[in-house]
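# Tertiary structure, described
Listed below are the residues making up each chain.
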Amino acid sequence: MKRIEIYDTTLRDGTQGEGVSFTVQDKLTITERLDDLGVAMVEGGWPGSNPRDAEYFERVRELKLTNARIVAFGSTARPGKKPSEDDNIRHLVRAETPVVTIVGKTWAQQVKDALRIPLEENLELIAKSVRYLKKKTDEVILDAEHFFDGFESDPEYALAGLRAALEAGADVVCLCDTRGGSLPETIDRGVRAALELTSASGARVGIHCHNDSGLAVGNSLTAVAAGAAQVQGTINGFGERCGNADLCAIIPNLQLKMNKRCLTAKQLKRLGEVSRYLYEMANVEPDRHQPYVGRSAFAHKGGLHVSAVRRNRETYEHIDPAQVGNFQRVLVSDLAGRSNIEHKAREFGLEVDGRADELKSLLGEVKELEKIGFQFEGADASLELLMRKGLDARERFFRLIGFRVIDEKRNEDEHTQSEATVMIEGPDGTIEHTAASGSGPVHALDLALRKALIQFFPELRDVQLHDYKVRVLNAEDGTAGFVRVLIESGDGTDRWGTVGVSHNVVEASWQALVDSIVYKLHREGRGKRRAAASSR
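The sections below set out a description of the structure shown in this document. (Residues numbered from 1 in each chain as written. Predicted model: local features only at pLDDT ≥ 70, side-chain atom pairs only at ≥ 80, totals over all residues. Heavy atoms only, no water.)

### A few points about the overall build of the chain
A tally of regular secondary structure across the chain gives 18 helices and 18 strands. Among the 536 residues that make up the chain, the fraction classed as buried is 53%. Of the roughly 24,800 Å² of accessible surface on the chain, 47% is carried by carbon and sulfur atoms. (Helix = DSSP H or I, 4+ residues; strand = E, 2+ residues; numbered from the N terminus. Buried < 20%, exposed > 50% of the residue type's maximum accessible area, 1.4 Å probe, protein only. Areas by Shrake-Rupley, 256 points an atom, 1.4 Å probe, with all protein chains shown as cover.)

### A short note on the packing of aromatic side chains
Within the structure shown, the criterion is met by nine aromatic pairs. With a centroid separation of 5.5 Å and 50° between ring planes, the pair formed by Trp496 and Tyr519 is classed as tilted. Of this pair, Trp496 sits in strand 18 (residues 495-502) while Tyr519 sits in helix 18 (residues 505-535), and the two are 23 residues apart along the sequence. On the basis of relative accessible area, Trp496 is assigned to the buried category, the value being 4%. Pairwise contacts between aromatic rings join Phe147, Phe148 and Phe151 into one cluster. Note that Arg12 overlies the ring of Phe73, its terminal NZ or CZ placed 3.7 Å from the centroid. Residue placement shows Lys27 over the ring face of Tyr56; its charged tip is 5.1 Å from the ring centre. (Phe/Tyr/Trp six-rings, centres within 6.5 Å; stacked < 30°, edge-to-face > 60°. Lys NZ or Arg CZ within 6 Å of the ring centre and 35° of its normal.)

### Comments concerning the sheet that holds strand 18
Spatial ordering of the open sheet is given by 16-17-18, a layout of three strands whose pairing is antiparallel. Two strands close off the open sheet at either side, each with one partner strand: strand 16 (464-472) and strand 18. Averaged over neighbouring strand pairs, the angle between their axes works out to 15° when direction is ignored. With eight bridges connecting them, strand 17 (residues 483-490) and strand 18 associate as antiparallel partners. Directly across from Ile487, in strand 18, lies its bridge partner Thr498. (Pairing = 2+ DSSP bridges. Axes fitted to C-alpha atoms, helices over the stretch in contact; angles between N-to-C directions.)

### Concerning the pairing of strand 6 (residues 139-145)
Most of strand 6 is tucked away, with seven of its seven residues classed as buried. Two elements, strand 5 (residues 99-105) and strand 6, share seven bridges in a ladder whose sense is parallel. Following the sheet pairing, Gly104 is matched in strand 6 by Ala144. As judged from the four bridges shared by strand 6 and strand 7 (residues 172-177), these two strands associate in the parallel manner. Bridge pairing in strand 7 links Ile141 to Val172.

### A word on unusual backbone geometry
If you check the backbone angles, Glu96 has positive phi at about 55° while not being a glycine. By secondary structure assignment, the location of Glu96 is in the loop between helix 3 (87-94) and strand 5. Exposure remark for Glu96: the relative accessible area of 57% places this residue in the exposed category. Of note in this structure, Asn236 is not a glycine but carries a positive phi near 65°. Within the element layout of this structure, Asn236 appears in the loop between strand 9 (230-233) and helix 10 (247-257). Taking relative accessible area as the criterion, Asn236 reaches 10% and is therefore assigned buried.

### Quick look at a positive patch on the surface
The grouping of Lys82, Lys128, Arg131, Lys135 and Lys136 at the surface amounts to a positive patch. Structurally, Lys128 is set in helix 5 (residues 119-134). Among the residues examined, Lys128 registers a relative accessible area of 45% and is labelled partly exposed. (Patch = residues over 30% accessible without salt bridge, like charges linked within 9 Å, V, L, I, M, F, W, Y side chains within 5 Å. Salt bridge = Lys/Arg side-chain N within 4 Å of Asp/Glu carboxyl O. Lys, Arg positive; Asp, Glu negative; His and termini not counted. Charge placed at Lys NZ, Arg CZ, Asp CG, Glu CD.)

### Points about empty space enclosed by the protein
In this approach, a probe sized like a water molecule rolls over the atoms, and the result shows the empty space that is left. Using the criterion set out here, one finds one cavity of 30 Å³ or more in the structure. Estimates place the volume of the largest cavity at around 40 Å³. Lining of the largest cavity is provided by Asp446, Arg450, Val463, Leu465, Ile487, Ser489, Leu513, Ser516 and Ile517. Of all elements in the fold, only helix 17 (441-453), strand 17 and helix 18 reach the threshold of two or more residues within the lining of the largest cavity. Here the lining of the largest cavity gets three residues from one element, more than from any other, and that element is helix 18. Class assignment for the residues of the lining of the largest cavity results in five nonpolar, two polar and two charged. (1 Å grid on protein atoms, 1.4 Å probe; cavity = no way out; pocket = protein on both sides within 12 Å on 5 of 7 lines; lining within 4 Å. Points joined across faces, edges and corners; volume = space filled by probe spheres on them. Nonpolar A, V, L, I, M, F, W, Y, C, P; charged D, E, K, R; others polar.)

### Quick look at the sheet that holds strand 14 (residues 417-425)
Each strand in a sheet pairs with another by means of backbone hydrogen bonds, the pair being arranged parallel or else antiparallel. A sheet is described by the order of its strands in space; here three strands give the open sequence 13-14-15, paired in antiparallel fashion. Of all the strands in the sheet, the pair left with one neighbour each is strand 13 (399-408) and strand 15 (431-438). Averaged over all pairs of adjacent strands, the angle between their axes in this sheet comes to 10°, without regard to strand direction.

### Regarding the pattern of salt bridges
Throughout the structure, instances matching the rule amount to 31 salt bridges. A salt bridge links Arg69 to Glu5, with the shortest nitrogen-to-oxygen separation between them at 3.8 Å. With Arg69 in strand 4 (residues 69-75) and Glu5 in strand 2 (residues 5-8), the pair connects residues that are 64 residues apart, well separated along the chain. Arg523 is the partner of Asp491 in a salt bridge, and the nearest nitrogen-oxygen pair spans 2.4 Å. Here Asp491 is found in the loop between strand 17 and strand 18, whereas its partner Arg523 is found in helix 18, with 32 residues between them in sequence. Arg523 matches Asp491 in its accessibility class, with the two residues each being buried. The network of salt bridges with shared partners includes Asp491, Asp494, Lys520, Arg523 and Glu524.

Have a look at this one:
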């Protein structure tokens, strides 16, 4: 297997994406995760461009990395400046990284419009900058900015930029589809032309694609097929505009489909975990439909599909999801068949053998609930509780006696005040009557319910509400229509989804809130029972 060098630029190019930002400590911990993943190079930022990147390069030296080499990124020296006198080049040297990447212009139009210098002077800047840095660091990479745009309009000049870097000693010339608008055939021709230049020097050709045409992953794979030995990209495709090439799709495609070695099989299994970690660190909602690592990447909903995939996974799955740290999911909806219900019951640890009639009844109940607006695809916790009620005599932790919610607005200038009272019967028969104020009716109801239950179940202190969605199901009925509430909750180690449906948004919210709490209590109780059994 030919080895392909994975160059991660999440910490630099990825942070140019809208809504993506990392602290210095974030960048250091992400660097360690990328090192564990097995990427060859981690581009940490642009030293000297801001205090955060300057601090990163100071502190990253303290990390004990085993796989990744740290890269400092910058540009060629400015026009009229010697490299030794240019502040940007000086900061690159002071970063003391084993690899330095500099961006140089290879599109004649950019040289004329952006730099406003003669074309030949730009080539001299590339050569002088590379030559100077080669004396100061182990490896120098030229990021050939707008290479494919330049190759299409003036191929001789685009290749002259690469030649200037190679003759000055560049170890890699990385061809950049900076605007993200190139098609695969352009990528193929550009890479093959660059390889002709590098054949004598032994330098490597890299690829750096943006996703403005939705082709960043495909173009990167095309480049490797044409002979590129390095691929630059970001985890989850973070990046400016439409993003960079997504390494979470590129790496498994290279390794599992193209027989190119990027990581070990053990490292590849960490890909899903690293993807989720980066979303969390960036405070960005994960793309559940992301290839390979998305939550829905191996999710099956249609009854025929589920029936087939239970017999042979390969009927509807192009790889084993475990290879990339993901897992198969079977969804239950009005499209489900008995195979879906049986699969989910087994997944929840319920006994299904010899219970065909009960499973059929449960499937009918699910379809009726879906008909009025319930949706269990994002509410596995509610589905599990429903199935336990039908198949396993679900444990009852408390009983609602009643609740009341009051919203009050005294004048136009004041915010609405919400207050909720809840009366429940606890597991020992004690009646608890509690009240709480909140920023809205659902918030107040949530606080009052927790207040009533916390003395019986202190583990509820760990539960947090992560997401709350409301959808009007039949808009033609206006404010009298059904609404569906989906809630995502978590306790620091796990997350789960619950659902409620009603004409009344507070009632729908109450259903989802109660399911969220009951699911937590059920899970905690099941864990304690397992621990007690294992100790005997």
